[in-house]
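Each chain, letter by letter, is given below.
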Amino acid sequence: MLIQRSPNGIELPFSSEITPRAVFESRREFIKQMALGTMAGGALLAMAQREAFAQTGEHPKLAAKLNPAYSSMDKPSAYKDATTYNNFYEFGTDKSDPAQNAATLKTRPWTVTIEGEVKKPMTLDMDALLKLAPLEERVYRLRCVEGWSMVIPWVGYSLSELIKKVEPTGNAKYVEFVSLADKKQMPGVGSRVLTWPYVEGLRIDEANHPLALLTLGMYGETLPNQNGAPVRIVLPWKYGFKSAKSIVKIRFVKEQPRTAWNVSAPSEYGFYSNVNPNVDHPRWSQASERRIGEDSFFARKRKTLMFNGYNDVASLYSGMDLKKFF
Ligand SMILES: Nc1nc2c(c(=O)[nH]1)N[C@H]1C(S)=C(S)[C@@H](COP(=O)(O)O)O[C@H]1N2
Ligand SMILES: [Mo]
């Protein structure tokens, strides 16, 4: 029987393909799993992760405790897929370009400058960032606006930990993330596909949502260059392009920032860009997605979930027309 994992990890059958008896049995299984609760969930997750981790070893280890409350039960993508199928236009526009070209990125020394509407502006190096808060492992789904998704065990801590430290003023309504743009290290910078540096942004309450992850590693190790080393943001409820890589500056500002993709194609990429199966991209549907690693000819597409399944964030948008604020 074909099965599909729901956001909370319970396996649900595809209703069109099963007999009534199978429905009954799967319900019984569902109830059993509910009764087992998070304990079984944690054990299953640990198993899936060991499998994924078996393929690493190139990068320094980053010890982190799994945060099950913020982790998907979906099986993590293969490390090889997560590190060879990338979008990082500073290194080229093909999915294989970042893995091939990002070795020239120098990730130490590295600093992140936090400035703008804050009482305590500061510049932090990697050692300071690594010990700013306890590192957590969080297995997040990442849904690219292009219609594919992956599941990645990231290492980091809530961006809110950093925000707390710099003490935003009352004027800080938005947060802007600026990626490095250095032609010497990044062969794609200068290409006309986007304006450089790559800039992304959030409303301050979105940035303070605990799911927003200041990310320093993945698969138990520091970030590979192609995934945005040495520090990036990961926002699992938004399309992947909101999760800016290789960040050098975080600015607290009064006005909604101009963001790279919004500037390049405003009718296609909105400021919010929450994952939303009900709002199509002008050139394609967003109702379903292809999970990388499941892409055999017969593989079934997965349904895309509202907020990528992270319903926790819904209250950030109450009263907003998400078709208008796409
Ligand atoms: N600086 C920068 N950040 C970026 C991008 C980029 O081109 N430049 N691509 C984005 C897109 S479109 C996606 S889907 C994710 C991909 O992250 P991953 O390669 O780690 O899976 O990074 C995002 N962050
Ligand atoms: Mo993307």
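Conventions used here
- Residues numbered from 1 in each chain as written.
- Chains lettered and ligands numbered in written order.
- Predicted model: local features only at pLDDT ≥ 70, side-chain atom pairs only at ≥ 80, totals over all residues.
- Heavy atoms only, no water.
- Pairing = 2+ DSSP bridges.
- Helix = DSSP H or I, 4+ residues; strand = E, 2+ residues; numbered from the N terminus.
- Axes fitted to C-alpha atoms, helices over the stretch in contact; angles between N-to-C directions.
- Near = heavy atom within 4 Å.
- Polar contact = N/O pair within 3.5 Å; in protein donor to acceptor, adjacent residues only side chain to side chain.
- Areas by Shrake-Rupley, 256 points an atom, 1.4 Å probe, with all protein chains shown as cover.
- Nonpolar A, V, L, I, M, F, W, Y, C, P; charged D, E, K, R; others polar.
- Core = buried A, V, L, I, M, F, W, Y, C linked by side-chain atoms within 4.5 Å.
- Buried < 20%, exposed > 50% of the residue type's maximum accessible area, 1.4 Å probe, protein only.
- Contact = heavy atoms within 4.5 Å.
- Phe/Tyr/Trp six-rings, centres within 6.5 Å; stacked < 30°, edge-to-face > 60°.
- Lys NZ or Arg CZ within 6 Å of the ring centre and 35° of its normal.
- Arc of directions from axis to C-beta.
- Salt bridge = Lys/Arg side-chain N within 4 Å of Asp/Glu carboxyl O.
- pLDDT = per-residue confidence, 0-100.

### With respect to the sheet that holds strand 8 (residues 174–179)
Here is step 1: Across the sheet, five strands lie side by side as 5-4-13-8-9; this open sheet has mixed pairing. Of all strands in the sheet, those with a lone pairing partner are strand 5 (122–125) and strand 9 (199–203), marking the two edges. Strand-to-strand twist across the sheet, computed as the mean angle between neighbouring axes with direction ignored, equals 15 degrees.
Here is step 2: Across six bridges, the pairing between strand 8 and strand 13 (residues 247–253) is antiparallel. Within the sheet, the bridge partner assigned to Ser-179 lies in strand 13 and is Ile-247.

### Here's the deal with the site of ligand 1
Here is step 1: Around ligand 1, 17 residues are found, and the nearest of them are Asn-86, Tyr-89, Glu-90, Arg-232 and Lys-245.
Here is step 2: Within the contact set of ligand 1, an oxygen atom lies 2.7 Å away from a backbone nitrogen or oxygen of Tyr-89.
Here is step 3: The contact in question runs from an oxygen atom of ligand 1 to an N or O atom on the side chain of Asn-227, over 3.0 Å.
Here is step 4: Protein chains shield 98% of the accessible area of ligand 1, which is 540 Å² for the free molecule.
Here is step 5: By residue class, the composition of the shell around ligand 1 is eight nonpolar, six polar and three charged.

### Observations concerning the nonpolar core
Here is step 1: Grouped together as the largest cluster of nonpolar side chains are 79 residues, with contacts concentrated most on Leu-129, Trp-237, Ile-250 and Phe-252.
Here is step 2: Among the elements that line this core, the one with the most residues is strand 7 (residues 148–158), at six residues.
Here is step 3: Once residues lying within four places of it in the same chain are set aside, the contact partners of Ile-250 are Val-112, Thr-113, Ile-114, Glu-115, Leu-162, Val-175, Glu-176, Phe-177 and Leu-214.

### With respect to the packing of aromatic side chains
Here is step 1: One pass over the structure, following the stated rule, counts 12 aromatic pairs.
Here is step 2: Ring centres 5.9 Å apart and planes at 80 degrees place the aromatic pair Tyr-140 and Tyr-310 in the edge-to-face group. Of this pair, Tyr-140 sits in strand 6 (residues 136–143) while Tyr-310 sits in the segment after strand 15 (302–303), and the two are 170 residues apart along the sequence.
Here is step 3: Measuring from ring centre to ring centre gives 5.5 Å for Phe-307 and Tyr-317, while their planes differ by 20 degrees; the resulting arrangement is stacked. Here Tyr-317 lies in the segment after strand 15 and Phe-307 lies in the segment after strand 15, a separation of 10 residues in the sequence. We note that Phe-307, like Tyr-317, is buried.
Here is step 4: Feature note: the residues Tyr-174, Phe-271, Tyr-272, Phe-307, Tyr-317 and Phe-325 constitute an aromatic cluster, connected by ring pairs.
Here is step 5: Its guanidinium or amino end placed over the ring of Tyr-85, Lys-95 lies 5.8 Å from that ring's centre, counting from NZ or CZ.

### Here we look at helix 5 (residues 159–166)
Here is step 1: Listing the buried residues of helix 5 in full gives Leu-159, Ser-160, Leu-162, Ile-163 and Val-166. The arc that holds every buried residue of helix 5, seen down its axis, measures 155 degrees, which confines them to one face.

### A look at the pattern of salt bridges
Here is step 1: For the structure on display, the rule yields 18 salt bridges.
Here is step 2: Among the ionic pairs, Arg-251 bridges to Glu-115, the shortest N-O distance being 3.3 Å. Note that Arg-251 is positioned in strand 13 and Glu-115 in strand 4 (residues 111–116), a separation of 136 residues in sequence.
Here is step 3: For Glu-206, the salt bridge goes to Lys-238, with nearest N and O atoms at 2.7 Å. Taken as a pair, Glu-206 in helix 6 (residues 204–207) and Lys-238 in the loop between strand 12 (232–234) and strand 13 lie far apart in primary sequence, 32 residues in all. In this structure, Glu-206 and Lys-238 share a single accessibility class: buried.

### Focus on the confidence of the model for the chain
Here is step 1: A residue-level look at the chain finds 83% of positions with pLDDT of 70 or above and a mean pLDDT of 87.
Here is step 2: The secondary structure element of the chain with the lowest average pLDDT is strand 2 (residues 11–13), at 35, and the one with the highest is strand 12, at 99.
Here is step 3: The low-confidence segment residues 1–44, where pLDDT is below 50, has 39 contacts with residues more than four positions distant or belonging to other chains.

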